[in-house]
Amino acid sequence: VWGGNFGVNLAAGSDSNAVSLSTMIGNAQLGFYASGSASNTVTQSYAWGGSYGAIFNTGSSYNAISFSTMIGISVSGLYFNGSASNTVTQSFLSGGTNGAEFNAGAIYNVISLSTMIGTSQTGLRSQSAASNTVTQSYLWGATQGASLESSNNNTISLSTMIGDNFGLWVFIADSNTVTESYMRGVFDGARIEAGADRNTISLSTMIGSTQFGLFADASASNTVTSSYLSGSDALRLTSGANYNAVSLSTMVGTNTGFYATVSDANTVTQSYLWGGSRGVYFESGSDYNAISLSTMISDSPSSSALYLAQSSSNTIQSSYIQGSTAALVVGSTGTVITSSVLVATNTIGNALNLTGGSSGLSLSLNTILGGPLGNGVLIDGASGGSLVLSTNTILAGAERGIAVLNTPVGASVWITSNTILGTITPGRDTMGINLSGLASGATVANNGIYYRTPGSGNATGPLIVQNSPGVVIEHNRMSNPGMLIAGDYRGLFLFNADNASIRFNDFHSTGSALG
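Structure report, in brief. The model shown is predicted, which means the values in this text are computed figures rather than measured ones.

## Considerations on the overall build of the chain
For step 1, the next point in the chain: Within the chain, the secondary structure is distributed over zero helices and 63 strands.
For step 2, the next point in the chain: Whereas a compact globule of 515 residues would reach a radius of gyration of roughly 24 Å, the chain reaches 32 Å, over 25% beyond that.
For step 3, the next point in the chain: For the chain, the spread of C-alpha atoms along the three principal axes comes to 105 × 35 × 25 Å.
For step 4, the next point in the chain: When the 515 residues of the chain are sorted by exposure, 57% land in the buried category.
For step 5, the next point in the chain: Looking at the chain alone, contacts between residues at least 24 apart form 47% of all its contacts between residues at least 6 apart.
For step 6, the next point in the chain: Summing over all exposed atoms, the chain offers an accessible surface of approximately 17,600 Å²; the carbon and sulfur share of this is 52%.
For step 7, the next point in the chain: Taken together, the 12 basic and 22 acidic charged side chains of the chain have centroids lying 11 Å from each other.

## Quick look at the packing of aromatic side chains
For step 1, the next point in the chain: Within the structure shown, the criterion is met by twelve aromatic pairs.
For step 2, the next point in the chain: With 5.2 Å between their ring centres and 55 degrees between their planes, tyrosine 52 and tyrosine 79 make a pair best called tilted. Pair noted here: tyrosine 52 is in strand 8 (residues 52–57) and tyrosine 79 is in strand 11 (residues 76–80), with a separation of 27 residues, a long-range link.
For step 3, the next point in the chain: The interplanar angle of 85 degrees and the centroid separation of 5.3 Å between the aromatic rings of phenylalanine 258 and phenylalanine 282 together place this pair among those described as edge-to-face. Residue phenylalanine 258 is found in strand 33 (residues 250–261), and its partner phenylalanine 282 is found in strand 36 (residues 278–282); the two are separated by 24 residues along the sequence. A single burial state applies to phenylalanine 258 and to phenylalanine 282, both of which are buried.
For step 4, the next point in the chain: Members of the aromatic cluster, each reached through a chain of ring pairs, are Phe32, Phe56, Phe80 and Phe102.

## As for a nonpolar patch on the surface
For step 1, the next point in the chain: A cluster of nonpolar residues, Leu494, Ile502 and Phe507, forms a patch on the protein surface that exposes about 240 Å² of accessible area.
For step 2, the next point in the chain: Its location among the elements puts phenylalanine 507 in strand 63 (residues 506–510).

## Remarks on the pattern of salt bridges
For step 1, the next point in the chain: Applying the stated criterion across every chain yields a total of nine salt bridges.
For step 2, the next point in the chain: For arginine 125, the salt bridge is made with glutamate 149, and the minimal N-O distance between the two is 2.9 Å. In this pair, arginine 125 is assigned in strand 17 (residues 122–127) and glutamate 149 in strand 20 (residues 144–149), connecting sequence segments 24 residues apart.
For step 3, the next point in the chain: Assessed through its relative accessible area of 11%, glutamate 149 is described here as buried.

## Side note on empty space enclosed by the protein
For step 1, the next point in the chain: By the definition in use, this model includes five cavities of 30 Å³ or more.
For step 2, the next point in the chain: Considering the residues around the largest cavity, the lining is formed by Ile192, Leu214, Ala216, Asn222, Thr223, Val224, Leu235, Leu237, Asn244, Ala245 and Val246.
For step 3, the next point in the chain: Mapped by element, the contributors of at least two residues to the lining of the largest cavity are strand 29 (212–217), strand 30 (223–225), strand 31 (228–238) and strand 32 (245–247).
For step 4, the next point in the chain: Across the lining of the largest cavity, the residue classes tally to eight nonpolar, three polar and no charged.

## Remarks on the side chain of asparagine 244
For step 1, the next point in the chain: Tracing the sequence through the fold places asparagine 244 in the loop between strand 31 and strand 32.
For step 2, the next point in the chain: Those residues in contact with asparagine 244 that sit more than four places away from it in its chain are Ser219, Ala220, Ser221, Asn222, Ala265, Asn266 and Thr267.

## Side note on the pairing of strand 5 (residues 30–35)
For step 1, the next point in the chain: Burial analysis of strand 5 places six of its six residues in the buried class, the great majority of the element.
For step 2, the next point in the chain: Direction of pairing for strand 5 relative to strand 8: parallel, over a ladder of five bridges. By the bridge assignment, leucine 30 is partnered in strand 8 with tyrosine 52.

## Concerning the environment of alanine 106
For step 1, the next point in the chain: If you trace the backbone, alanine 106 turns up in the loop between strand 14 (98–102) and strand 15 (110–112).
For step 2, the next point in the chain: Measuring from C-alpha to C-alpha, the distance between alanine 106 and glutamine 127 comes to 8.9 Å, with 21 residues separating the pair along the chain.
For step 3, the next point in the chain: In this view, alanine 106 contacts Phe80, Gly82, Ser83, Ala129, Ala130 and Asn132; residues no more than four positions away in its chain are not counted.

## With respect to the nonpolar core
For step 1, the next point in the chain: One finds Phe32, Leu78, Phe258 and Leu435 to be the most contacted residues of the largest nonpolar core, which totals 95 residues.
For step 2, the next point in the chain: Here leucine 78 is in contact with Ala54, Phe56, Ile65, Met70, Val88, Leu93, Gly99, Ala100 and Glu101, once residues within four sequence places are set aside.

## Regarding the environment of leucine 10
For step 1, the next point in the chain: Note that leucine 10 resides in strand 2 (residues 6–10).
For step 2, the next point in the chain: A residue is classified by how much of its surface remains accessible, and leucine 10, at 13% relative accessible area, is buried.
For step 3, the next point in the chain: C-alpha of leucine 10 to C-alpha of asparagine 222: the two residues are 212 residues apart in sequence and 41 Å apart in space.
For step 4, the next point in the chain: Here leucine 10 is in contact with Asn17, Phe32, Tyr33, Ala34, Ser35, Ser37 and Asn40, once residues within four sequence places are set aside.

## Here's the deal with the environment of serine 16
For step 1, the next point in the chain: Summarising the element assignment, serine 16 is placed in the loop between strand 2 and strand 3 (18–20).
For step 2, the next point in the chain: With a relative accessible area of 58%, serine 16 lands in the exposed category.
For step 3, the next point in the chain: The sequence separation of serine 16 and valine 1 amounts to 15 residues, and the corresponding C-alpha distance is 19 Å.

## Comments concerning the pairing of strand 10 (residues 69–72)
For step 1, the next point in the chain: Strand direction decides the pairing type here: strand 7 (residues 46–49) and strand 10, joined by four bridges, are parallel. Bridging across to strand 10, alanine 47 finds its partner in methionine 70.
For step 2, the next point in the chain: Relative to strand 13 (residues 92–95), strand 10 runs parallel, the two sharing four bridges. Each bridged residue has a counterpart across the sheet, and for threonine 69 the counterpart in strand 13 is phenylalanine 92.

## A closer look at the side chain of serine 66
For step 1, the next point in the chain: Following the sequence through the fold, serine 66 ends up in strand 9 (residues 64–66).
For step 2, the next point in the chain: The class for serine 66 is buried, based on a relative accessible area of 16%.
For step 3, the next point in the chain: A distance of 2.9 Å separates the side chain of serine 66 from the side chain of threonine 43, its partner in a polar contact.
For step 4, the next point in the chain: The residues touching serine 66, leaving out its near neighbours within four places in the chain, are Val42, Thr43, Gln44, Thr89, Gln90 and Ser91.

## Thoughts on unusual backbone geometry
For step 1, the next point in the chain: Notably, tyrosine 62 is not glycine yet its phi reads approximately 60 degrees, a positive angle.
For step 2, the next point in the chain: Tracing the backbone shows tyrosine 62 in the loop between strand 8 and strand 9.
For step 3, the next point in the chain: With a phi close to 50 degrees, glutamate 180 is a non-glycine residue in the positive phi region.
For step 4, the next point in the chain: By the element assignment, glutamate 180 lies in the loop between strand 24 (177–179) and strand 25 (182–185).

The rules behind these values
Residues numbered from 1 in each chain as written. Predicted model: local features only at pLDDT ≥ 70, side-chain atom pairs only at ≥ 80, totals over all residues. Heavy atoms only, no water. Helix = DSSP H or I, 4+ residues; strand = E, 2+ residues; numbered from the N terminus. Rg over C-alpha atoms; globule rule 2.2 N^0.38 Å. Buried < 20%, exposed > 50% of the residue type's maximum accessible area, 1.4 Å probe, protein only. Contact = heavy atoms within 4.5 Å. Areas by Shrake-Rupley, 256 points an atom, 1.4 Å probe, with all protein chains shown as cover. Lys, Arg positive; Asp, Glu negative; His and termini not counted. Charge placed at Lys NZ, Arg CZ, Asp CG, Glu CD. Phe/Tyr/Trp six-rings, centres within 6.5 Å; stacked < 30°, edge-to-face > 60°. Patch = residues over 30% accessible without salt bridge, like charges linked within 9 Å, V, L, I, M, F, W, Y side chains within 5 Å. Salt bridge = Lys/Arg side-chain N within 4 Å of Asp/Glu carboxyl O. 1 Å grid on protein atoms, 1.4 Å probe; cavity = no way out; pocket = protein on both sides within 12 Å on 5 of 7 lines; lining within 4 Å. Points joined across faces, edges and corners; volume = space filled by probe spheres on them. Nonpolar A, V, L, I, M, F, W, Y, C, P; charged D, E, K, R; others polar. Pairing = 2+ DSSP bridges. Core = buried A, V, L, I, M, F, W, Y, C linked by side-chain atoms within 4.5 Å. Polar contact = N/O pair within 3.5 Å; in protein donor to acceptor, adjacent residues only side chain to side chain.

Right under this line is the structure:
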């Protein structure tokens, strides 16, 4: 069937017609056109148009296309506008612009087992369309594999989306679902932006070849679960991407596993975050975020696995953190790290370094290992506020288990109920706890500092206090049962530490190498 404008034109009221084993060519416009028509079928046919391969226009519903090819030379292979409950299956849709389009008012349409190719733009483009479904399909576009623009409650499943820009683009679109799908873009695997909220991605793969696996900007309450993300930053949240949640997922970034800036109240749980530079990086203005039951790894010899910079009230719980320095907190307020394992892999690395004028730290119930020439915990850089280190286990191996240096007036330092295993290192001075330059003193109480591995060193001591007036030391136990073979042992060393209160402690040491 050949026409100057239309190959086949089903006008309003043209219902229950069937086209099969046919070729429809609309030289100037459309191969197949239906408007206000219902329950028609097209199967094993070819529709070609100078503009569109096929259009289902306003009021066209319950139509079905199967085993067919639709090609639109300048615009789209298949175009739905104001049409509902139509189905396309096992078909090939290709357009000079988009492979297939859901336009305004297109609802409850289904495309399955099909291929959509957008030569200059998008494999599937949805604009102001809702509750449509794409499943078991392949979508490729010169810009996006699929785009959801101002389109809500749509579902894409078991599909592949590939674009030269983004695999999937979600723009001002809410409550869409993507599941069991593959998204890859030269820039981003998936991009969610401009108020795209409450969308869900599950059981899927997102790969950004040059930028981000998943990028979310100014979009809230989106969910990613049981998925794999890869890119320069595997997951990147910016500019008000708040209340988003990632769970049971793997994030692998050549730079960073998870990067957030100016993004609040996001959660990551039961996930793996690996970065060639950093596992996790929260930059300025990223507050009230939480990571739990997760692993954070840095592959860099000089960068931290977890980096918090100028951010507030972030919480890390029940997680494993490993890097040159495991966790670096700079200029941040109210950081909480609890029930986690922190391991520094660099010789001079710290398991945790709080610095840069940070204020407030709660560090509790953690297992901590610093580098041989580093620290288990290092607090420096004029950091203050309420600094509470409680019920942690500091493993032997670091030069200093806990070092708190140069806190300002008004800082409240509490080191309580920790277990610290002292290190003896040949040619080095080592310390269980080192307090130096604390303007308002500190309370050290109910800690156990024990030496359990024999060795020889320059000097070692469970507790060294320097230039820190008003320190309270009570109810601690410090034990060296003959572990120091050669060197100087100092059970408690005070230098320029006026008005110290020392009471109810147990100091125990045996052996010939005693100070």
